[in-house]
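Coordinate analysis (summary)
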Amino acid sequence: MKRYNTIILGAGASALMFATHQRHHNMLMIDTNLSVGAKIKISGGGRCNVTNRSVSSSNFVSSSSRSIEPILERFTQLDLLEFLNSNGVYPKIRTDGQYFCTKSSEEIINMFKKLTSHVDLSLGTKILEVEKIDGEFVVTTTGGKFGAKRVVVATGGLSYTKIGASDIGLQIAAKFGHTIVVTKPALVGLTLQPPQFWFKELSGISMRVALKVKEKSFEGDLLFAHKGITGPVVLNGSLYWERGEIVLDFLPKLNIVKMLKGSKKQLSTLLPVSKRFAKEFLKSIDLDDKSANRLSSSEIERLKLIHNYSFAPSGTFGYTKAETTKGGVSLDELDLDSMQSLFVDGLYFIGEVTDVAGELGGYNLQWAFSSAYLCAKSMA
Ligand SMILES: Cc1cc2nc3c(=O)[nH]c(=O)nc-3n(C[C@H](O)[C@H](O)[C@H](O)COP(=O)(O)OP(=O)(O)OC[C@H]3O[C@@H](n4cnc5c(N)ncnc54)[C@H](O)[C@@H]3O)c2cc1C
């Protein structure tokens, strides 16, 4: 059995950042994929939304009462950008504050390949089990057994199994006595109940809306899809949605009552939305497409629903479409100065496998990188 100082389980975002900052160790990185950074490659539509102008713990969901702010502060978005710049990668900021690679995610993957050339790689290798025998970790894989003093679990979330995602990190955590916060797909489209099936008639249409779920509000694009609703604003809403109602304002920033005043225009022409949406919406509230000045006061009341359309989605599009996983290894049983298990010496958990999920906009990669950096530095 070959022995290492540290074995990193996974070769994704957090594993690569960890390995970069552990230069002097004899290390092995294991991944089922044939190349490193598979999720980085597809992230941000292939251009990797690597971080955001503004990052704080309020952009993340975790069921722990312990704050992740100190971890984010230890390696902020500015530290990340400086790190990327100093290694020849210059992400560009968009007007919405999100940073993307200028050409493709490969810029980041290639950077990490260079920075982790000191690490042994076992790619195309599935991790099957981790045990601790006589003080040493034994990692069983489809490529044989490896021994290590330390194991860093960086196996990510459950979405996109076609590029290697699995629950092995959660299995390892549970085996060593850790609590697993129930996992759910997040940053994902929402499916509909019969009263909202009229949305399906609008498949392909995108519109700017405001969405409210519990105390959180987002404004952005909603895309009507055959399966339900998706688009950035819905993905963000899904992070906070736990069954129950969400509220859509289909005309944020506009006052429908003011708009109707004195107008002789037919509703479907007057409303600044696509004609198809206007017609289906009017049908759903049982209102004829008539001139604005012919509406009764009760009809105007019904029309006001365009600002306050509440309904309960039936579920999500699931892990195959989700950009992240809510839940995971509880933060309550980790040392948040190092990400080490409070139960098992030498066992660490970083990145999406932990019970931290971020909003859309570069937050999940920032978490993967911040938690990995902290972990690596704690061992230095
Ligand atoms: C389509 C899509 C787009 C996204 N876009 C963005 C974005 O633009 N910005 C952003 O911030 N976040 C984005 N995310 C989320 C982000 O990519 C992840 O949160 C981040 O990669 C998590 O890093 P990680 O190191 O924890 O896990 P990962 O990067 O997922 O790495 C985990 C690795 O572990 C390996 N692994 C798992 N199980 C096993 C096993 N049993 N044996 C061997 N290997 C195993 C996997 O193959 C994988 O390579 C996106 C996610 C998806 C799915």
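Residues numbered from 1 in each chain as written. Predicted model: local features only at pLDDT ≥ 70, side-chain atom pairs only at ≥ 80, totals over all residues. Heavy atoms only, no water.

1. Observations concerning the overall build of the protein
Put simply, the test is: Comment: elements are numbered from the N terminus, with helices defined as DSSP H or I runs of at least four residues and strands as E runs of at least two. To sort residues, take the accessible area from a 1.4 Å probe on protein chains only and compare it with the maximum for the residue type: under 20% means buried, over 50% means exposed, and anything in between is partly exposed. By definition in these notes, contact holds between two residues if any of their heavy atoms fall within 4.5 Å. Per-residue and other accessible areas were derived by the Shrake-Rupley procedure at a 1.4 Å probe size, with only the shown protein chains allowed to occlude residues. Charge counting treats Lys and Arg as positive and Asp and Glu as negative, with His and both chain ends excluded. Here the site of a charge means NZ on Lys, CZ on Arg, CG on Asp, or CD on Glu.
Counting its secondary structure elements, the protein contains 12 helices and 23 strands. Projected onto its principal axes, the C-alpha positions of the protein cover 80 × 40 × 35 Å. The burial tally for the protein puts 56% of its 380 residues in the buried class. Counted over contacts in the protein with a minimum sequence separation of 6, partners at least 24 positions apart contribute 71%. Summing over all exposed atoms, the protein offers an accessible surface of approximately 16500 Å²; the carbon and sulfur share of this is 50%. Both charge centroids of the protein, one from 45 positive and one from 36 negative side chains, sit 7 Å from each other.

2. Section: helix α5 (residues 106–115)
So the rule is basically this: The directions from the helix axis to the C-beta atoms are what the arc is built from.
Looking at α5, one finds that the buried residues are Ile-108, Ile-109, Met-111, Phe-112 and Leu-115. All buried residues of α5 fall inside an arc of 160° around its axis, so they share one side. Close packing links the buried residues of α5 with α1 (13–20), α2 (38–42), β3 (49–52), α4 (77–86) and α12 (363–379).

3. Section: the site of the ligand
Quick reminder of the rule: Proximity criterion: a residue is near a molecule or strand once any of its heavy atoms comes within 4 Å of it. Polar contacts, as counted here, are pairs of nitrogen or oxygen atoms within 3.5 Å of one another; within protein the pair requires one atom able to donate a hydrogen and one able to accept it, and residues that are adjacent in sequence qualify only if both atoms are side-chain atoms. Any residue outside Ala, Val, Leu, Ile, Met, Phe, Trp, Tyr, Cys, Pro, Asp, Glu, Lys and Arg is labelled polar, Gly included; the first ten of those are nonpolar and the last four are charged.
Taken together, 32 residues sit near the ligand, with Ser-14, Asp-31, Ser-166, Glu-352 and Leu-365 positioned nearest. Taking Asp-31, its side chain carries an N or O atom lying 2.6 Å from an oxygen atom of the ligand. Between the ligand and the protein, one listed contact pairs an oxygen atom with a backbone N or O atom of Gly-44 at 2.8 Å. When the ligand sits alone it has 1000 Å² of accessible area, and the protein chains cover 96% of it. Those elements that place two or more of their residues in the shell around the ligand are α1, α2 and α12. When residues in the shell around the ligand are grouped by element, the largest group, four residues, is from α12. Split by residue class, the shell around the ligand holds 11 nonpolar, 16 polar and five charged.

4. What about the nonpolar core?
Put simply, the rule reads: Within this scheme, the nonpolar core is defined by two criteria: the residues are buried Ala, Val, Leu, Ile, Met, Phe, Trp, Tyr or Cys, and they are joined through side-chain atoms within 4.5 Å.
Counting residues in each nonpolar core, the largest one holds 77 residues, and the members touching the most others are Ile-7, Leu-9, Phe-18 and Ile-108. Sorting elements by how many residues they give to this core places α12 first, with 11 residues. One finds Leu-202, Ile-229, Tyr-240 and Leu-282 within the second-largest nonpolar core, a separate group that totals 46 residues.

5. A look at the pattern of salt bridges
Cut-off, in case you're wondering: In the sections that follow, a salt bridge refers to a side-chain nitrogen of Lys or Arg positioned within 4 Å of a carboxyl oxygen of Asp or Glu.
In total, this model carries 14 salt bridges according to the counting rule given. Glu-219 is the salt-bridge partner of Lys-253, the closest N and O atoms lying 2.8 Å from each other. Of the two residues, Lys-253 sits in the loop between β16 (246–249) and α8 (256–260) while Glu-219 sits in strand β14 (residues 216–224), which places them 34 residues apart along the sequence. A residue is classified by how much of its surface remains accessible, and Glu-219, at 38% relative accessible area, is partly exposed. One continuous salt-bridge network, built from bridges that share partners, spans Arg-208, Glu-219, Asp-221 and Lys-253.

6. Looking at the packing of aromatic side chains
As a reminder, the rule being used: Aromatic pairing here means that ring centres of Phe, Tyr or Trp (its six-membered ring) are within 6.5 Å. Orientation follows from the plane angle: under 30 degrees is stacked, over 60 is edge-to-face, and everything else is tilted. Here, a charge over a ring means that NZ of Lys or CZ of Arg falls within 6 Å of the ring centre while also lying within 35 degrees of the ring normal.
For the structure shown, the criterion picks out 23 aromatic pairs. Ring geometry for Phe-277 versus Phe-281: centroids 5.8 Å apart, planes at 10°, classification stacked. Note that Phe-277 and Phe-281 are positioned in helix α10 (residues 275–284) at a spacing of four residues, about one turn of the helix. Exposure remark for Phe-277: the relative accessible area of 0% places this residue in the buried category. The class for Phe-281 is buried, based on a relative accessible area of 0%. Clustering of aromatic rings is evident, with ring pairs tying together Trp-198, Phe-199, Phe-224, Phe-250, Phe-277, Phe-281, Tyr-309 and Phe-311. The aromatic ring of Phe-197 is capped on one face by Lys-200, whose charged end is 4.3 Å from the ring centroid. Here the guanidinium or amino end of Lys-227 rests over the ring plane of Phe-317, the centre of that ring lying 5.0 Å away.

7. Considering the sheet that holds strand β6 (residues 98–100)
The criterion, for reference: Here a strand pair is declared whenever DSSP counts at least two bridges between the two strands.
Pairing is antiparallel across the open sheet formed by three strands, whose spatial order is β3-β6-β5. Looking at the sheet topology across the chains shown, the edges are occupied by β3 and β5 (92–93). Pairing between β5 and β6: two bridges, direction antiparallel. Residue pairing in the sheet places Ile-93 in a bridge with Tyr-99 of β6.

8. Remarks on the domain arrangement of the protein
Condition: Marked domain ranges trace back to an automatic or database domain assignment. Once two parts are put together, the accessible area they lose, assessed with a 1.4 Å probe and summed over both, is termed the buried area.
Split by domain assignment, the protein resolves into domain 1 (2–185 + 323–379) and domain 2 (190–316). Its C-alpha centre places domain 1 at a distance of 38 Å from the equivalent point of domain 2. Facing the 12 residues of domain 1 at the interface are 11 residues of domain 2. Roughly 830 Å² of surface becomes buried between domain 1 and domain 2 when both sides are summed, with 51% attributable to carbon and sulfur atoms. When the area that domain 1 buries against domain 2 is broken down by residue, the three leading residues are Lys-326, Glu-359 and Leu-360, summing to 55%. Counting every contact that joins domain 1 to domain 2 gives three salt bridges. Mapped onto the side of domain 1 that touches domain 2, the elements with two or more residues apiece are β4 (60–61), β11 (180–186) and β23 (357–358). Grouping the constituent residues of the side of domain 1 that touches domain 2 by class yields five nonpolar, three polar and four charged.

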